[in-house]
Amino acid sequence: MSGIDVDDFGSLVERPDAGIRRDSQERWRELLLPAGGLGKAAELADWLAAVQGQVPTRPITAPRAILFAADHGVAALDVSARPAGTTSDLVRAVLDGTAPASVLARQYGAHVEVVDMAVDCDPADLPEYVTAHRVRRGSGRIDIEDALTREEAEQAFRVGMAVADEHADSGTDLVLLGDLSVGGTTPAAVLIAALCGTDASVVTGRGSGIDDLAWMRKCAAIRDALRRARPVLGDQIALLAAVGGADFAAMTGFLLQAAVRKLPVVLDGVVSAACALVAQRIAFRAPDWWLAGHASGEPGQAKALDRISLEPLLDQGVHYGGATGSLLALPLVQAAAALSAELPYPGGKSEEAGEPGEPEADPEPQPEPEAEAEAGTDAT
């Protein structure tokens, strides 16, 4: 398999249409008094108009939550409140409809898809459509060894691209991105610290709810992994192979290809933020196609979002993961789209009648009716 030339994304990713965004802003001035009365909702609608390429926006009718799943070898160091190798339990909860993401997806009309990239279980334990793209079973312990080989990282990256293409082609109009993992916040912190040039303590959070001793073990593991990450900072695929994982490589490929295909994405927590930071290093325009769903409270997420200039839509203290935060942001996005699509012009004026603010054109002159037959004309 030939290697991936990620430099191509720099030219393939375009910015959303700034002219359409200005048109949307102008339209609000025609629609509403006071100006700016809808605040952040109108700004969100302006972003949607730009990424959809039209004013007013289309309603969000086909949202999908996509969860990339994997186990991480570093979890063997007890850096997570969950036992190492138990991501399969998280996957089953989603498939059974009992996970928070499943509940929210039902509530808001979104479909949920799980993509197994490196779950540490027998493939027969999960449905074939979930495991179809699996690259390997679990990942290496990143404090002492690579998470993946380069070939595995490239394979996972391509899976992410293929999933993005599949959804762009099938009509998905908004992706709620998330991860299912045990130990995933540790490689996320390594990637963010490496790319932002910070120390491990700055980006090490509590993840799944660890105590002080586990936090210290996690911080030490991140420092050890950082020493392995720094020599490959200039090669993003090598970086994902060294200190990421198959889910990280797939999510990075997904984010980049989604930007190429002009498919908007809502990020979830620190894992998707770390992947977004890697993707931004490859294609600097790509973050224009993403929203940050919420602030998870993880210091690494805040650092990554600041670096890529994304402001979270919500701050509700949610740090469960599994696309819970991005799904909670879905109603805000849907509301912004609906306001843009459905608010009428004042006085009943329709947009079909002309451009906002322009008078309607005079009707076409009608031909005079033919003169009646002269009186006295014989009808026979």
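Residues numbered from 1 in each chain as written. Predicted model: local features only at pLDDT ≥ 70, side-chain atom pairs only at ≥ 80, totals over all residues. Heavy atoms only, no water.

**Comments concerning the pattern of salt bridges**
Any two side chains of opposite charge can pair, so long as their charged atoms come close to each other. For the coordinates displayed, the defined rule picks out 18 salt bridges. Between E26 and R29 there is a salt bridge; the shortest N-O distance is 2.9 Å. Note that E26 and R29 are positioned in helix α2 (residues 18–31) at a spacing of 3 residues, about one turn of the helix. Between R150 and E154 there is a salt bridge, with its nearest N and O atoms 3.3 Å apart. With a gap of 4 residues between them, R150 and E154 both fall in helix α7 (residues 150–170), about one helical turn apart. For E154, a relative accessible area of 5% corresponds to the buried category. Residues joined by salt bridges that share partners form a network here, namely R150, E154 and D235. (Salt bridge = Lys/Arg side-chain N within 4 Å of Asp/Glu carboxyl O. Helix = DSSP H or I, 4+ residues; strand = E, 2+ residues; numbered from the N terminus. Buried < 20%, exposed > 50% of the residue type's maximum accessible area, 1.4 Å probe, protein only.)

**Observations regarding the sheet that holds strand β2 (residues 111–118)**
Taken in spatial order, the 5 strands of this open sheet run β2-β1-β3-β4-β5, and their pairing is parallel. Because the sheet does not close on itself, it has two edges, and the strands there are β2 and β5 (290–292). Neighbouring strand axes in the sheet, compared pairwise and without regard to direction, differ in orientation by 25° on average. Bridging between strand β1 (residues 63–71) and β2 involves 7 bridges; their strand directions are parallel. Each residue of the ladder has a partner; that of A69, found in β2, is D116. Helix α13 (residues 270–282) contacts β3 (174–182), β4 (265–267) and β5 of the sheet and is inclined by roughly 145° relative to β5. (Pairing = 2+ DSSP bridges. Axes fitted to C-alpha atoms, helices over the stretch in contact; angles between N-to-C directions. Contact = heavy atoms within 4.5 Å.)

**Here we look at the packing of aromatic side chains**
Summed over all chains, the structure comprises 2 aromatic pairs. Residues F9 and F157 carry aromatic rings whose centres are separated by 6.0 Å and whose planes lie at 65° to one another, so their mutual orientation is edge-to-face. Placement of F9 in helix α1 (residues 9–12) and of F157 in helix α7 is noted, with a sequence separation of 148 residues between them. Sitting over the ring of Y320, R82 keeps its end group 5.6 Å from the ring centre. (Phe/Tyr/Trp six-rings, centres within 6.5 Å; stacked < 30°, edge-to-face > 60°. Lys NZ or Arg CZ within 6 Å of the ring centre and 35° of its normal.)

**What to know about the packing of helix α12 (residues 246–260) against α13**
In contact at an axis separation of 9 Å, α12 and α13 are set at 55° when each is read in the N-to-C sense. The angle between the axes of α12 and α13 places the two elements in the oblique class. Between α12 and α13 lies a crossing of right-handed hand. Contact residues: F248, M251, T252, L255 and L256 in α12; V271, S272, A274, C275, A276, V278, A279 and I282 in α13. Considering only residue class, the contact of α12 with α13 consists of 11 nonpolar, 2 polar and no charged. (Parallel < 35°, antiparallel > 145°, perpendicular 65-115°, else oblique. Left-handed = near helix turned anticlockwise from the far one by under 90°. Nonpolar A, V, L, I, M, F, W, Y, C, P; charged D, E, K, R; others polar.)

**Digging into the packing of α7 against α12**
Look at α7 against α12: their axes get within 7 Å of each other, and the N-to-C directions meet at 40°. When the interaxial angle is binned, α7 and α12 end up oblique. For the crossing formed where α7 meets α12, the hand is right-handed. Where α7 approaches α12, its residues A153, A156, F157, G160, M161, V163, A164 and D165 are matched on the opposing element by A246, A249, A250, T252, G253, F254, L256, Q257 and A258. For the contact of α7 with α12, a count of residues per class yields 12 nonpolar, 4 polar and 1 charged.

**What about the nonpolar core?**
Ranked by internal contacts, the top residues of the largest apolar core, which has 119 residues, are F68, F254, W290 and L327. Ignoring any residue separated from it by four or fewer positions in sequence, one finds W290 in contact with W47, L255, V265, L267, A276, A279, Q280, I308 and L310. (Core = buried A, V, L, I, M, F, W, Y, C linked by side-chain atoms within 4.5 Å.)

**Notes on the state of the cysteines**
As enumerated under the stated definition, the model contains 0 disulfides in all. Note on C196: no disulfide assigned, nearest cysteine sulfur contributed by C275 at a separation of 14 Å. Not engaged in a disulfide, the cysteine C219 finds its nearest cysteine sulfur in C196; these two sulfurs lie 16 Å apart. (Disulfide = S-S within 2.5 Å.)

**Concerning the confidence of the model for the protein**
Parts of the model with low pLDDT should not have their predicted coordinates read in detail. For the protein, mean pLDDT is 91; residues scoring 70 or higher make up 90% of the total. Here residues 353–363 is a poorly scored stretch, pLDDT under 50, and it has 8 contacts once near neighbours within four places are set aside; other chains count. Note on residues 368–380: pLDDT under 50 across the span, and 0 contacts to partners over four residues away in sequence or across chains. (pLDDT = per-residue confidence, 0-100.)

**Details of α7**
Given a rise of 1.5 Å per residue, 21 residues ought to cover 30 Å, and the 30 Å separating the end C-alpha atoms of α7 matches this to within 8%. Those residues of α7 that are buried are in contact with α1, β1, β2, α11 (236–243) and α12. Directly after α7, the chain includes G171, whose backbone phi takes a positive value near 100°. (Expected span 1.5 Å × (residues − 1).)

**Considering the side chain of T324**
Within the secondary structure, T324 is located in helix α15 (residues 324–342). Owing to a relative accessible area of 7%, T324 belongs among the buried residues under this scheme. Discounting residues that sit within four places of it in the chain, T324 has contacts with P100, A101, L104, D268 and V318.

**Quick look at the environment of R137**
Mapped onto the secondary structure, R137 falls in the loop between α6 (128–131) and α7. The sequence separation of R137 and D120 amounts to 17 residues, and the corresponding C-alpha distance is 4.7 Å. Excluding residues that lie within four positions of it along the chain, R137 makes contacts with A118, V119, D120, C121 and D122. At a separation of 2.7 Å, a polar atom in the side chain of R137 contacts the side chain of D120. (Polar contact = N/O pair within 3.5 Å; in protein donor to acceptor, adjacent residues only side chain to side chain.)

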